[in-house]
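Listed below, chain by chain, are the residues.
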Amino acid sequence: MEKLYIFDTTMRDGEQVPGAKLNVEQKVIIAEQLLKLGVDVIEAGFPISSPGDFAAVEAVSQLVGDRAVVCALTRAVEADIDAAVAALRPAQRPRIHTGIGSSDIHIQYKFKSTRQQVLARGVAAVAYAKKSVEEVEFYAEDAGRADNDFLAQMIAAVIAAGATHVNIPDTTGYCMSEDFYEKIKYLCDHVKGIENVIISVHCHNDLGLATANTLAGIRAGARQAQVTVNGIGERAGNAALEEVVMALKTRRDQPFEINVHTKELIPISQLVSQTMGLPVQANKAIVGANAFAHSSGIHQDGILKHRQNYEIIDPKDVGADESKIILTARSGRAALRYRLQQLGFVNQQPEQVEQIYQHFLQVADQQKEVVDHDLMTIATNVKA
Ligand code: KIV
Ligand code: ZN
């Protein structure tokens, strides 16, 4: 089985969410949990950006030891690379993530430059970083909108300069999955030396396609996924770690060796959400409160007969307690009977259950959910 590397950027791209800034202690706590989860690479920050981020990268490097690669972000600027090298000094497995824009929009309007000049800056940054660390990952910013032929030239040049990993970001979340698949395939087929490096993908979610595009990139040949816990990140966020990992583990169309211990997915989702003050939407795949909750009568009846009727993942595999049956006005008798039994009402006669059910429907029509306390009151009254 081929190895798929999970590169976590929760503490760098994820931390770019307004209001989600982490201090050094918080980054250390999250890094500890990322190690427990089993990610291969932790991008701990952007050291030149602030003294706090510098200290955080240093502290995470100290904590991690040889348990994972610690990565620091830079622009294609020597001062950035110097700061990253200094912050990564305690790391046993340091990596520098440097890069520059690759789309004509970025080249013209952000850098006011030319294709050949930005390419030369990218090459120079890789060569400079390579003097200090063995692992250098080059990102071709806005590769999603870059011309494939120019992108291939740029990637070939940075590989020749010593890049060990090449990151192809869909920075603006612009690509359809077919486009992104074709882009990675194009690089695999046209870049000299690509077989000697690891291709990484980094997809943003502006069109809700970040996970799909990450999977498309992997199908085309990428072997590292840059992801964040809960899919947090700049604007609409990044591909969600839990979604990419569970899609690959659930479908196994192309089986990969992936280090992640999936039972840690919900604990880390909650830790990141609480520490950053970013609530997880209830219907979020894998880690949302409703990801394993069933509320309609038809689904509840099905799930009670056989869990797999309506679940493709065992909730225990991702660290959830169990599937939840939510009692609402759409619930049926099967779910009601099941919940009554759980509450200790084990020997109900069919006519008692029917009476409880009719009372239950009246209450359920007035409130969104009938909780255990309500049901016990109804059942006790009917019993009496
Ligand atoms: O979205 C992006 O292009 C990035 C790079 C810094 C990798 O976050
Ligand atoms: Zn990004």
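Criteria and thresholds
Residues numbered from 1 in each chain as written. Chains lettered and ligands numbered in written order. Predicted model: local features only at pLDDT ≥ 70, side-chain atom pairs only at ≥ 80, totals over all residues. Heavy atoms only, no water. Helix = DSSP H or I, 4+ residues; strand = E, 2+ residues; numbered from the N terminus. Expected span 1.5 Å × (residues − 1). Buried < 20%, exposed > 50% of the residue type's maximum accessible area, 1.4 Å probe, protein only. Arc of directions from axis to C-beta. Contact = heavy atoms within 4.5 Å. Donors = N, O, S within 2.8 Å, 3.2 Å for Na, K, Ca; no water. Polar contact = N/O pair within 3.5 Å; in protein donor to acceptor, adjacent residues only side chain to side chain. Pairing = 2+ DSSP bridges. Axes fitted to C-alpha atoms, helices over the stretch in contact; angles between N-to-C directions. Right-handed = clockwise from strand over helix to strand, strands pointing away. Domains from an automatic or database assignment. Buried area = accessible area lost by both parts, 1.4 Å probe. Salt bridge = Lys/Arg side-chain N within 4 Å of Asp/Glu carboxyl O. Disulfide = S-S within 2.5 Å. Near = heavy atom within 4 Å. Areas by Shrake-Rupley, 256 points an atom, 1.4 Å probe, with all protein chains shown as cover. Nonpolar A, V, L, I, M, F, W, Y, C, P; charged D, E, K, R; others polar. Lys, Arg positive; Asp, Glu negative; His and termini not counted.

Under the 1.5 Å per step criterion, the end-to-end length of helix 7 (residues 177-190) is 20 Å for 14 residues, consistent within 8% with the ideal 20 Å. Along helix 7, the residues classified as buried are Ser177, Phe180, Lys183, Ile184 and Leu187. The arc that holds the buried residues of helix 7, viewed along the axis, is 130 degrees, so those residues lie on one side. In this fold, the buried residues of helix 7 make contact with helix 6 (148-160), strand 7 (165-170), strand 8 (198-203) and helix 8 (210-220).

With that settled, the discussion passes to the coordination of the zinc ion (ligand 2). Looking at the metal site, the zinc ion (ligand 2) is ligated by Asp13 (OD), His202 (NE2) and His204 (NE2), spaced 2.0 to 2.1 Å from it. Going along the chain, you hit the donors of the zinc ion (ligand 2) in the pattern D-x188-H-x1-H. For the pair shown, His202 and His204 are each scored as buried.

Another aspect to go through is the side chain of Gln300. Relative to the assigned elements, Gln300 resides in helix 11 (residues 297-305). Engagement of the side chain of Gln300 in a polar contact is seen with the backbone oxygen of His294, the distance being 2.9 Å. Residues in contact with Gln300, not counting those within four places in the same chain, are His294, Ser295, Ile325, Ile326, Leu327, Ser331, Gly332 and Ala335.

The strand order 2-3-4-5-6-7-8-9 describes a closed barrel built from 8 strands, whose pairing is parallel. The sheet shows a mean angle of 25 degrees between the axes of neighbouring strands, taken without regard to direction. As defined by bridge partners, strand 3 (residues 41-45) adjoins strand 4 (residues 69-73) across 4 bridges and the pair is classed as parallel. Looking at strand 4, one finds that Val41 is bridged to Val69.

Quick look at the pairing of strand 7 now. Where burial is concerned, most of strand 7 is hidden: 6 out of the 6 residues are buried. Residues of strand 7 alternate between two faces, with His165, Asn167 and Pro169 on one and Val166, Ile168 and Asp170 on the opposite face, all of them buried. Pairing analysis gives 3 bridges linking strand 6 (residues 135-141) to strand 7, with the strands arranged parallel. In the sheet register, Tyr139 faces strand 7, and the bridge partner there is Asn167. After leaving strand 6, the chain enters helix 6 and then returns to the sheet as strand 7, a path that is right-handed. As defined by bridge partners, strand 7 adjoins strand 8 across 6 bridges and the pair is classed as parallel. Along strand 8, the bridge assignment pairs Ile168 with Val201.

The next thing to look at is the domain arrangement of the protein. Looking at the protein, the domain boundaries give domain 1 (2-276) and domain 2 (293-383). Each of domain 1 and domain 2 was reduced to a C-alpha centroid, and the two centroids are 44 Å apart. Counting residues at the interface gives 7 residues for domain 1 and 7 residues for domain 2. The junction of domain 1 with domain 2 conceals about 530 Å² of combined surface from both sides, 62% of it contributed by carbon and sulfur atoms. Taken as a group, Met246, Lys263 and Ile266 account for 66% of the area that domain 1 buries against domain 2, more than any other trio of residues on that side. Applying the counting rule to domain 1 against domain 2 returns 0 salt bridges. Along the contact surface separating domain 1 from domain 2 lie 3 residue pairs in polar contact (both at pLDDT 80 or more). Secondary structure elements with two or more residues in the side of domain 1 that touches domain 2: helix 9 (241-251) and helix 10 (265-276). Ranked by residues supplied to the side of domain 1 that touches domain 2, first place goes to helix 10 with 3 residues.

With that settled, the discussion passes to the state of the cysteines. For the structure on display, the rule yields 0 disulfides. Distance from the sulfur of Cys203, which forms no disulfide, to the nearest cysteine sulfur (Cys175) is 7.6 Å.

With that settled, consider the site of ligand 1. The local shell around ligand 1 consists of Arg12, Asp13, Leu73, His97, Tyr139, Glu141, Asn167, Pro169, Thr171, His202 and His204. Thr171 places a polar side-chain atom, nitrogen or oxygen, 2.6 Å from an oxygen atom of ligand 1. Contacts to ligand 1 include His204, whose side-chain N or O atom sits 3.0 Å from an oxygen atom. Burial of ligand 1 by the protein amounts to 93% of the accessible area it has alone, namely 260 Å². For the shell around ligand 1, the secondary-structure elements that each account for two or more residues are strand 6 and strand 7. When grouped by side-chain class, the residues that make up the shell around ligand 1 number 3 nonpolar, 5 polar and 3 charged.

Relative to the helices and strands, Asp8 is located in strand 2 (residues 5-8). Summary of buried charges: Asp8 has no salt-bridge partner, and the nearest side chain of opposite charge, Arg12, is 9.7 Å away. Engagement of the side chain of Asp8 in a polar contact is seen with the side chain of Thr10, the distance being 2.7 Å. Excluding residues that lie within four positions of it along the chain, Asp8 makes contacts with Leu34, Val39, Val41, Ile42, Glu43, Val227, Thr228, Val229 and Leu241.

The next thing to look at is helix 9. Every buried residue of helix 9 is listed here: Leu241, Glu242, Val244, Val245, Met246 and Leu248. Those residues of helix 9 hidden inside the fold are in contact with strand 2, helix 1 (24-37), helix 8, strand 9 (224-227), strand 10 (256-257) and helix 10. Of the residues flanking the end of helix 9, it is Arg252, one or two places downstream, whose phi is positive at about 50 degrees.

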